[in-house]
Amino acid sequence: GAVVSQHPSWVICKSGTSVKIECRSLDFQATTMFWYRQFPKQSLMLMATSNEGSKATYEQGVEKDKFLINHASLTLSTLTVTSAHPEDSSFYICSARGAGDPYEQYFGPGTRLTVT
Amino acid sequence: GDSVTQMEGPVTLSEEAFLTINCTYTATGYPSLFWYVQYPGEGLQLLLKATKADDKGSNKGFEATYRKETTSFHLEKGSVQVSDSAVYFCALGAGAGSYQLTFGKGTKLSVIP
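Residues numbered from 1 in each chain as written. Chains lettered and ligands numbered in written order. Predicted model: local features only at pLDDT ≥ 70, side-chain atom pairs only at ≥ 80, totals over all residues. Heavy atoms only, no water.

S.K.: What is the right way to read the overall build of chain B from this model?
M.R.: For chain B, the helix and strand inventory stands at zero helices and twelve strands. Each helix and strand of chain B, ordered N terminal to C terminal, gives the series β-β-β-β-β-β-β-β-β-β-β-β. Its C-alpha atoms give chain B a radius of gyration of 14 Å, near enough to 13 Å, the size a compact globule of 113 residues would have. For chain B, the share of sequence-separated contacts (at least 6 apart) that also reach a separation of at least 24 residues comes to 56%. Summed over its atoms, the accessible surface of chain B is roughly 5400 Å², and 48% of this surface lies on carbon and sulfur atoms. Across chain B, the 9 positively charged side chains and the 11 negatively charged ones have centroids separated by 4 Å. (Helix = DSSP H or I, 4+ residues; strand = E, 2+ residues; numbered from the N terminus. Rg over C-alpha atoms; globule rule 2.2 N^0.38 Å. Contact = heavy atoms within 4.5 Å. Areas by Shrake-Rupley, 256 points an atom, 1.4 Å probe, with all protein chains shown as cover. Lys, Arg positive; Asp, Glu negative; His and termini not counted. Charge placed at Lys NZ, Arg CZ, Asp CG, Glu CD.)

S.K.: How do you make sense of the overall build of chain A when you look at a structure like this?
M.R.: Within chain A one finds zero helices and eleven strands. For chain A, the sequential pattern of α-helices and β-strands runs β-β-β-β-β-β-β-β-β-β-β. Computed over the C-alpha atoms, the radius of gyration of chain A is 13 Å, within 12% of the 13 Å expected from 2.2 N^0.38 for a compact globule of 116 residues. Its C-alpha atoms give chain A principal-axis dimensions of about 40 × 25 × 25 Å. Looking at chain A as a whole, 50% of its 116 residues are labelled buried. Of the charged side chains in chain A, 10 are positive and 10 negative, and the gap between their average positions amounts to 7 Å. (Buried < 20%, exposed > 50% of the residue type's maximum accessible area, 1.4 Å probe, protein only.)

S.K.: Would you take a moment to explain the nonpolar core for this structure?
M.R.: Considering soluble globular proteins, one finds that nonpolar side chains tend to be buried as a cluster. All names here are of chain B. Grouped together as the largest cluster of nonpolar side chains are 27 residues, with contacts concentrated most on Trp-35, Leu-47, Leu-48, Phe-73, Leu-75 and Tyr-88. Of all the elements in the fold, those that place two or more residues in this core are β2 (11-14), β3 (19-21), β4 (23-26), β5 (32-38), β6 (45-50), β8 (62-65), β10 (86-94) and β12 (107-112). Among the elements that take part in this core, β10 stands out by supplying five residues, more than any other. (Core = buried A, V, L, I, M, F, W, Y, C linked by side-chain atoms within 4.5 Å.)

S.K.: For this particular structure, what's the right way to read unusual backbone geometry?
M.R.: Among all residues except glycine, the phi angle is most often negative; among peptide bonds, the trans geometry is most common. Of note, the bond from A:His7 into A:Pro8 is cis; its omega dihedral lies within 30 degrees of zero at 0°. Note that A:Pro8 resides in the loop between β1 (4-7) and β2 (10-13). Of note, the amide linkage connecting B:Gly9 to B:Pro10 takes the cis form, showing an omega dihedral of -5°. Mapped onto the elements, B:Pro10 comes out in the loop between β1 (3-6) and β2. Not every positive phi belongs to a glycine, and B:Lys60 is a case in point at roughly 55°. Located in the positive-phi region is B:Thr71, a residue other than glycine, with phi close to 40°. Mapped onto the fold, B:Thr71 is located in the loop between β8 and β9 (75-77). For B:Thr71, a relative accessible area of 31% puts it in the partly exposed group.

S.K.: Just to check I follow, could you spell out the interface of chain A and chain B for this structure?
M.R.: Many descriptions give the size of an interface as the accessible area lost when the pieces come together. Each partner contributes to the interface: chain A provides 21 residues, whereas chain B provides 22 residues. Along the contact surface separating chain A from chain B lie one salt bridge. Between B:Lys49 and A:Glu104 there is a salt bridge whose closest N-O contact spans 4.0 Å. Remark: the boundary between chain A and chain B carries three residue pairs in polar contact (both at pLDDT 80 or more). Secondary-structure elements contributing two or more residues to the side of chain A that touches chain B are β4 (32-38), β5 (44-51) and β9 (90-97) of chain A. In terms of residue class, the side of chain A that touches chain B is made up of ten nonpolar, six polar and five charged. (Salt bridge = Lys/Arg side-chain N within 4 Å of Asp/Glu carboxyl O. Polar contact = N/O pair within 3.5 Å; in protein donor to acceptor, adjacent residues only side chain to side chain. Nonpolar A, V, L, I, M, F, W, Y, C, P; charged D, E, K, R; others polar.)

S.K.: Whenever I open this one, the layout of surface pockets confuses me. Can you help?
M.R.: Gaps between atoms show up when a probe of the same size as a water molecule is rolled over them. Computed from the structure, the largest pocket encloses a volume of approximately 630 Å³. A:Gln38, A:Lys41, B:Val87, B:Lys105 and B:Lys108 are, among the 26 residues lining the largest pocket, the residues nearest its centre. When residues of the lining of the largest pocket are traced back to their parent elements, those giving at least two are β10 and β12 of chain B. Broken down by class, the residue content of the lining of the largest pocket amounts to eleven nonpolar, nine polar and six charged. Considering only enclosed or pocket space, the second largest pocket measures out at about 210 Å³ in volume. (1 Å grid on protein atoms, 1.4 Å probe; cavity = no way out; pocket = protein on both sides within 12 Å on 5 of 7 lines; lining within 4 Å. Points joined across faces, edges and corners; volume = space filled by probe spheres on them.)

S.K.: Sorry if this is basic, but what is going on with the state of the cysteines here?
M.R.: Cysteine pairs can be linked by a disulfide, which is a covalent bond between their two sulfur atoms. Throughout the structure, instances matching the rule amount to two disulfides over all chains. Across the disulfide from B:Cys23 sits B:Cys90; the S-S distance is 1.9 Å. Its S-S torsion of about -70° marks the bond between B:Cys23 and B:Cys90 as left-handed, since a negative value means left-handed. On the criterion of sequence distance, the pair formed by B:Cys23 in strand β4 and B:Cys90 in strand β10 is long-range, its members being 67 residues apart. Residue B:Cys23 shares its accessibility class with B:Cys90, and that shared class is buried. Take A:Cys13: it sits in no disulfide, and the sulfur closest to it among the cysteines is that of A:Cys94, at 18 Å. (Disulfide = S-S within 2.5 Å.)

Spatial relationships are all this shows, so hold off on functional conclusions.
As structure tokens, this is what we get:
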């Protein structure tokens, strides 16, 4: 149980275009989803926290107009990178939290974004 | 702010060797502490956790004890296997309400036969 999927697993896009990444909780309802960014040999950096049906809360330094997060249902959250630039190339990871232990997050396998 | 420092990797061990991955933290209040593991091609999975001082978390032969006096949560295993090869992340959770996690940089472990 407690499986989280991400789609796509990797994507290449051209500079200036937008790309959408989906995060789904497959067998539980996720009241909260988190989006992280991970650089090589670096920790996971929390980008934003989203609760179903409400606006995402972005961490300091994360541009909310560039990284659009939508959490429209209890099983789906999307991250759209708008007007992508090469510096947005990274590994994006989502996690979801259910109704149990509030600190227990279930992680997706990640999406590798490369902007050319 | 909260932070987690864990030993730099990569760590390479022979099968059946003893493993220690050091983790120290800085936090206000009394955080919960976690170890997550990421196997190749998979998402992070919770390995073990401890929610208060002197608690010992354990799972799959791994152990870690919450040491408030040294602000540490070192991960140990007495005899590693090839299947333990993965990246290990120490994390803390603090701040009731947001329940966000703060992660260390991760330590890559490779176990060779």
